[in-house]
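# Architecture and fold: a report
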Amino acid sequence: MCGIVAYLGDKQAYPILIKGLHRLEYRGYDSSGIAIINGNLNLYKRKGKVEELEKFVKGKDVSGTIGIAHTRWATHGEPNDENAHPHFSQNKELSIIHNGIIENYNSLKEELITRGHVFNSDTDTEVLIHLIEDVQENENLDLAESVRVALNQVVGAYAIVVISKNDNNTLIAAKKGSPLVIGSGDGEFLIASDATPIVEYTRKVVYLEDEEMAILERGKEIVLKSISNIKHTPYFQELTMNLDVLEKGGYEHFMLKEIFEQPHSIRESMRGRLRLGQGIISLGGITEYKQKLMNAKRIIMIACGTSWHAGLVGEYLFEELTRIPVEVEYASEFRYRKPVINEDDVVIAISQSGETADTLAAIKMAKEKGATILGICNVVGSSIPRETHAGSYTHAGPEIGVASTKAFTSQVTLLTMMALMIAHDKGTITNSRHQQIINALNDIPEQIEDVLKTTDAITKDIAAKFKDSRNFLYLGRGYNFPVALEGALKLKEISYIHAEGYPAAEMKHGPIALIDEEMPVVVIAPKKGNYDKVVSNIQEVKARKGKIIALVSKGDTEVRAVADYVIEIPDVEEMLVPLVATIPLQLLSYYIAVMRNCNVDQPRNLAKSVTVE
Ligand code: G6P
């Protein structure tokens with residue numbers, strides 16, 4: 001949460017910083033701000049989105065070739081102008097942007113107040129920049145040393161960039177817990193929370209490690225050191241990101257673009273891994289740990305949000321295919337509930353961003369207890385892949401819409417491939433069945449293309465009918481129970497309609513009391529497994545006059561006879577239904593949100609990357 005971008009070079013910083021903020025707005029949009037040095041240290045900040053900041057600075061002096069900028073997701077202090085970043089130090093000579101939480105800010109603040117410091121905001125960040133200045137003045141140190149010494153007094157998480165009015169040649173950055181990447185271009189440096197603001201200026205980047213700081217000086221090489229003052233050699237990496245993926249490409253919203261990208265993103269997840277001709281699946285990233293996974297006594301999936309739903313699909317997949325017991329845990333619960341973890345447990349951490357604080361902490365805890373940790377992440381170079389023993393990237397490409405869509409289907413694709421690979425090697429599946437599922441998985445992108453074509457109009461019609469509903473219920477059984485959860489989450493996130501997902505059979509233990517003629521009930525009812533039982537659940541809803549929106553297999557007549565609306569999906573392998581059934585549910589939420597004039601890509605109160613507990 002919170003997006004950081006900084007620039008030092010020979011170009012005007014302002015346009016680069018603003019563009020960067022737009023790219024990072026998915027990380028939070030409670031307020032934004034910018035500080036640029038040009039003789040003065042000009043600092044502007046505003047509550048609300050980046051466009052509010054742009055309006056505010058019109059006509060003001062934003063010239064200068066060094067600056068820092070921030071978009072905020074509020075933690076300490078309400079989202080107002082004062083609490084927006086950047087923050088000034090006491091004498092207004094230093095300025096800082098920060099992502100993370102300084103846990104001991106209260107005690108530091110009290111001490112600084114006794115020394116005459118006056119604070120203008122409720123933030124932990126302002127305390128840190130006052131502390132840096134205090135160190136600088138009392139110990140007579142240069143800026144980099146002052147930052148280093150101050151960070152040694154800090155407990156918590158941070159990604160920071162600091163500038164000084166008296167030095168328009170230097171940016172100081174540091175990180176612990178929150179991500180930070182530095183781009184090194186031709187006579188210029190960029191710093192950002194992820195690579196998206198950097199990629200069009202340079203592809204040469206360094207990811208900062210925890211407790212590492214960078215000293216970037218005009219015309220000089222990057223200097224890296226630990227906050228305990230040990231020099232590090234920078235490890236440069238090449239960004240492979242394609243710029244097109246950062247634009248809407250003709251779609252009204254990133255979310256719609258990302259929904260329609262799914263045939264492509266799933267193909268990317270499978271590329272080079274699903275080898276149809278050879279009848280094998282090869283996941284290079286986990287080769288070394290394959291044996292460990294095959295011999296695992298238990299698999300524990302840990303994740304949050306949509307990624308947790310992917311983990312639930314993974315549970316059904318792994319148990320059916322590999323016969324290894326699976327538990328799926330919310331990372332935030334797992335990390336605090338003193339779980340029993342053994343050395344022959346394999347933890348699979350699932351995360352789009354690779355930065356979710358709870359998932360990261362849960363991994364560290366399980367690792368300490370001796371478990372093997374594998375990651376399934378989307379953002380290359382993020383923190384979780386660096387904390388795991390091994391893993392596979394989903395390769396879904398940058399996901400900008402805050403509500404996750406293509407990342408989810410790619411996570412499910414990855415889990416399917418992983419389970420198939422282990423089942424094949426373990427011999428818990430016959431060769432012919434293995435080949436059959438591989439073939440079916442390979443066909444999924446094409447089938448999703450079909451789903452996108454055939455369900456776009458119908459989901460729009462249904463959205464128009466139900467856009468004013470106050471509640472929605474989503475039901476599914478087996479593999480489609482997580483799909484019901486994900487469908488409900490999508491609707492809540494972007495349309496602010498209350499929605500709940502339930503295992504269909506559980507409805508009679510409570511939610512059935514909610515059903516009346518006002519209640520839309522979305523039922524995922526493909527002609528598979530528990531079809532007859534799902535049909536009975538539909539009858540139970542109809543008997544109470546609920547409105548049924550059913551997802552059915554092509555050509556279905558039985559559910560069609562009782563449902564109010566039907567959406568047809570292709571007839572695929574039962575374990576692959578989540579991949580196709582999710583698509584119309586994403587579209588339905590999208591169209592309802594658009595019709596309710598909601599901000600689809602940046603829903604209120606949410607952030608895409610949740611780097612706080
Ligand atoms: C936030 C996002 C969700 C996401 C969840 C987990 O809540 O808004 O879309 O599913 O975090 O994020 P991760 O990056 O770990 O998958």
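Given the structure is predicted, the values throughout are model-derived calculations rather than measurements.

Glancing now at the overall build of the chain. If you tally the helices and strands in the chain, you get 18 helices and 27 strands. For a compact globule of 613 residues, the expected C-alpha radius of gyration is about 25 Å, and the chain comes in at 25 Å, within 12% of that figure. With respect to the principal axes defined by its C-alpha atoms, the chain has extents near 80 × 50 × 45 Å. The burial tally for the chain puts 60% of its 613 residues in the buried class. For the chain, restricting intrachain contacts to residue pairs at least 6 apart in sequence, the fraction spanning at least 24 positions comes to 71%.

Turning our attention to the side chain of Ser495. Mapped onto the fold, Ser495 is located in helix 15 (residues 480–495). Given a relative accessible area of 0%, Ser495 falls into the buried group. Sequence-distant contacts of Ser495, defined by excluding residues within four places in its chain, comprise Ile592, Ala593, Arg596 and Cys598.

With parallel pairing, the five strands of this open sheet are ordered in space as 24-23-25-26-27. Strands at the two margins of the open sheet, each flanked by one partner only, are strand 24 (498–503) and strand 27 (565–569). Averaged over all pairs of adjacent strands, the angle between their axes in this sheet comes to 20°, without regard to strand direction. Where strand 23 (residues 471–476) and strand 24 come together, six bridges link them in parallel fashion. Each residue of the ladder has a partner; that of Gly476, found in strand 24, is Pro503. Strand contacts of helix 15: strand 23, strand 24 and strand 25 (520–525), with the helix running at about 175° to strand 24, the strand carrying the most contacts. Sitting on the sheet, helix 16 (residues 531–542) touches strand 23, strand 25 and strand 26 (547–553), and the angle it makes with strand 25 is about 170°.

What follows deals with the site of the ligand. Taken together, 13 residues surround the ligand, and among them Ser307, Ser351, Gln352, Ser353 and Thr356 come closest. With respect to the ligand, the side chain of Thr356 contributes an N or O atom lying 2.4 Å from an oxygen atom. Between Ala607 and the ligand, the recorded distance is 3.0 Å, taken from a backbone N or O atom to an oxygen atom. For the ligand, whose unbound accessible area comes to 390 Å², protein coverage reaches 90%. Take the shell around the ligand: its biggest share by element is three residues, from helix 9 (residues 305–322). Tallied by class, residues from the shell around the ligand come to four nonpolar, eight polar and one charged.

Each value, and the rule that gives it
- Residues numbered from 1 in each chain as written.
- Predicted model: local features only at pLDDT ≥ 70, side-chain atom pairs only at ≥ 80, totals over all residues.
- Heavy atoms only, no water.
- Helix = DSSP H or I, 4+ residues; strand = E, 2+ residues; numbered from the N terminus.
- Rg over C-alpha atoms; globule rule 2.2 N^0.38 Å.
- Buried < 20%, exposed > 50% of the residue type's maximum accessible area, 1.4 Å probe, protein only.
- Contact = heavy atoms within 4.5 Å.
- Pairing = 2+ DSSP bridges.
- Axes fitted to C-alpha atoms, helices over the stretch in contact; angles between N-to-C directions.
- Near = heavy atom within 4 Å.
- Polar contact = N/O pair within 3.5 Å; in protein donor to acceptor, adjacent residues only side chain to side chain.
- Areas by Shrake-Rupley, 256 points an atom, 1.4 Å probe, with all protein chains shown as cover.
- Nonpolar A, V, L, I, M, F, W, Y, C, P; charged D, E, K, R; others polar.

As far as function goes, none of this settles anything; it's purely spatial.
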